[in-house]
2 protein chains.
Amino acid sequence: MADPREPAPSPAASLAEGVAARLRDQVTGGALVPGQRLSEARLAAELDISRNTLREVFRLLTREGILRHEPNRGVFVAVPSMASILDIYRVRRLIEVPALAQAWPGHAAVARMRAAVERAGALQAIPDWRGVGSANMEFHAAIVALTDSPRLIQFFTQIIAELRLAFGLLDSPELLHRPYISRNAEILGRLEAGDPAGAARMLEDYLTQSERAVLEAFARLG
Amino acid sequence: MADPREPAPSPAASLAEGVAARLRDQVTGGALVPGQRLSEARLAAELDISRNTLREVFRLLTREGILRHEPNRGVFVAVPSMASILDIYRVRRLIEVPALAQAWPGHAAVARMRAAVERAGALQAIPDWRGVGSANMEFHAAIVALTDSPRLIQFFTQIIAELRLAFGLLDSPELLHRPYISRNAEILGRLEAGDPAGAARMLEDYLTQSERAVLEAFARLG
DNA sequence: CATGATTAAATTGTTGAACAAAGTATGATA
DNA sequence: TATCATACTTTGTTCAACAATTTAATCATG
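Remember, it's a predicted structure, so these values are computed and weren't measured experimentally. Sequence order sets the numbering: in each chain, residues are counted from 1 along the sequence as written. Here the convention is simple: chains get letters from A, ligands get numbers from 1, in the order in which they are written. Restriction of local features to residues with pLDDT of at least 70 applies here, the model being predicted, together with a cutoff of 80 or more for giving and counting side-chain atom pairs; totals for whole chains, interfaces and linings are based on all residues. Computation of side-chain values: all heavy atoms of the structure, hydrogens and water removed.

Here we take up the packing of helix H4 (residues 82-101) of chain B against helix H6 (residues 129-145) of chain B. Residue and element names in this part refer to chain B. As a packed pair, H4 and H6 sit with axes 8 Å apart at the nearest point and diverge in direction by 65°. Here H4 and H6 pass one another in a crossing that is left-handed. Across from Arg92, Ile95, Glu96, Ala99 and Leu100 in H4, the residues of H6 making contact are Met137, His140, Ile143 and Val144. Classifying every residue of the contact of H4 with H6 by side-chain character gives six nonpolar, one polar and two charged. Helix axes use the C-alpha atoms of the stretch in contact, all axes being lines fitted to C-alpha atoms, and the angles between their N-to-C directions lie in the range 0 to 180 degrees. Only runs of H or I of at least four residues qualify as helices and only runs of E of at least two qualify as strands under DSSP, and these elements are numbered from the N terminus. Crossing chirality is assigned from the near helix's rotation relative to the far helix, an anticlockwise turn below a right angle marking it left-handed and a clockwise turn marking it right-handed. The criterion used for residue contact is that any of the two residues' heavy atoms lie within 4.5 Å. Any residue outside Ala, Val, Leu, Ile, Met, Phe, Trp, Tyr, Cys, Pro, Asp, Glu, Lys and Arg is labelled polar, Gly included; the first ten of those are nonpolar and the last four are charged.

Right, dumping it as structure tokens:
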């Protein structure tokens, strides 16, 4: 495997979806700054697609919450707010904790959780903190995958994208991601030891602490 | 007020969103049958919009789950399955029960709940069972609104649309909606009496029973 | 100088036509 | 009947155009 960061070069069913994925990465990766306006004409030329196709892309990403559409004014990269972060963590608690609590330790998603933990560990050594952040998010996406609920999984994917958008806004990624590598490992260990309820309690602590850290970093921006 | 069924003739920010709302109603209202194919050319002519705009509409509704898009083959009205109904009720339990349990009885959404109950009662007298179903769904949307979480509210709106799509597939709407008018009223009464926890327990029973009824009706179709 | 109204420029919203690519139906042939 | 080549239909995508709206620039006026 060449680069452990890139999850999968999915075949991009249609051009619009492919471009959407590319743009999504650019946004969550920080290449596009929150609040920035995305001119249809300019971006279409830059991406080498037509305006119509780009508009389809905009519709997709707007509904995902990482772009904002103001009628007759244009499309902007969404600007995370304190309120949105609070909302996101609330949703995370509501979904992740029960998902883990009712997990069957033999579920296939447990392997995904373990892979994510190991990837985070490897990227920590480079160090690539943004990569660590991605791996940590993947860990939590895997937790939701434990539910086998397509709707929850898709919804949570959105939530994660929004959260990564907020992360991109903050500096000091090491502080935001480093402490949670071992914490994820502990949660996973407890689950594999056959104690989902205990793992869920640890996860709840994790979320509370992570939320506080993010909010503090956010407050430091003014 | 002329017709208590129509919630609000929203100003339709853009043409695409307006048409999306119209199509959504046609689908959840049963005018478009699940599995039916939506030809771009024909439907665009019928709705008197261009193919490009219709495609934007398709993207919106596909992401909402009420249309399905097969690359190079076309767009179809989504076909509810037993699995999707199970998933939907699981999500409902996960979101609605905690939402109600932690509700503050003075919240503005309580008024929405009461309005929905009263509307259902009125429509029962006509009788308009499809309308009763809509009112019941509005009751539960109001429960989620108790959380003040934009993300949960938007997500739940989707879930409701999908469920109404499934309802449209089933016959005997009276059997599916009638029993729940009084049940909703009881839940509301318990909440207004200052016992959110008790109301939440009643809601849980409600969901279990409703799920069973829907699944049975679904099984009768073969 | 500031301010508000008027005009000009740029951008979005939407359409229609066009064509390549993929899928579907048709029909000839073995 | 089964199979394969062919014609037809539909989707995927682009392009050019124009109306509607917003933004910027201009300018008169207190």
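Before going further, it helps to spend a moment on the pattern of salt bridges. A carboxyl oxygen of Asp or Glu within 4 Å of a side-chain nitrogen of Lys or Arg is what we treat as a salt bridge. Inspection of the entire model under this criterion finds 36 salt bridges over all chains. Salt-bridge contacts for Arg24 of chain B lead to Glu64 of chain B; the nearest nitrogen and oxygen are separated by 2.9 Å. Pair noted here: Arg24 of chain B is in helix H1 (residues 15-28) and Glu64 of chain B is in helix H3 (residues 51-64), with a separation of 40 residues, a long-range link. Think of it in three bands: residues with accessible area under 20% of the maximum for their type are buried, residues over 50% are exposed, and the middle band is partly exposed, with areas taken using a 1.4 Å probe on protein chains only. A residue is classified by how much of its surface remains accessible, and Arg24 of chain B, at 23% relative accessible area, is partly exposed. Of the residues examined, Glu64 of chain B reaches a relative accessible area of 5% and is grouped as buried. Glu70 of chain B is the salt-bridge partner of Arg73 of chain B, the closest N and O atoms lying 2.6 Å from each other. A cluster of three or more residues bridged by salt bridges with shared partners is formed by Glu40, Arg51, Arg55 and Arg59 of chain A together with Glu56 of chain B.

Moving on, we get to the sheet that holds strand E3 (residues 74-77) of chain B. All names here are of chain B. Across the sheet, which stays open at both edges, the three strands sit in the order E1-E3-E2 with antiparallel pairing between neighbours. Both edges of this open sheet fall to strand E1 (37-38) and strand E2 (67-70), since each of them pairs with a single strand only. Strands were regarded as paired on the criterion that DSSP finds at least two bridges between them. Taken together, the two bridges between E1 and E3 define a ladder with antiparallel strand orientation. The partner of Arg37 across the bridge, within E3, is Phe76.

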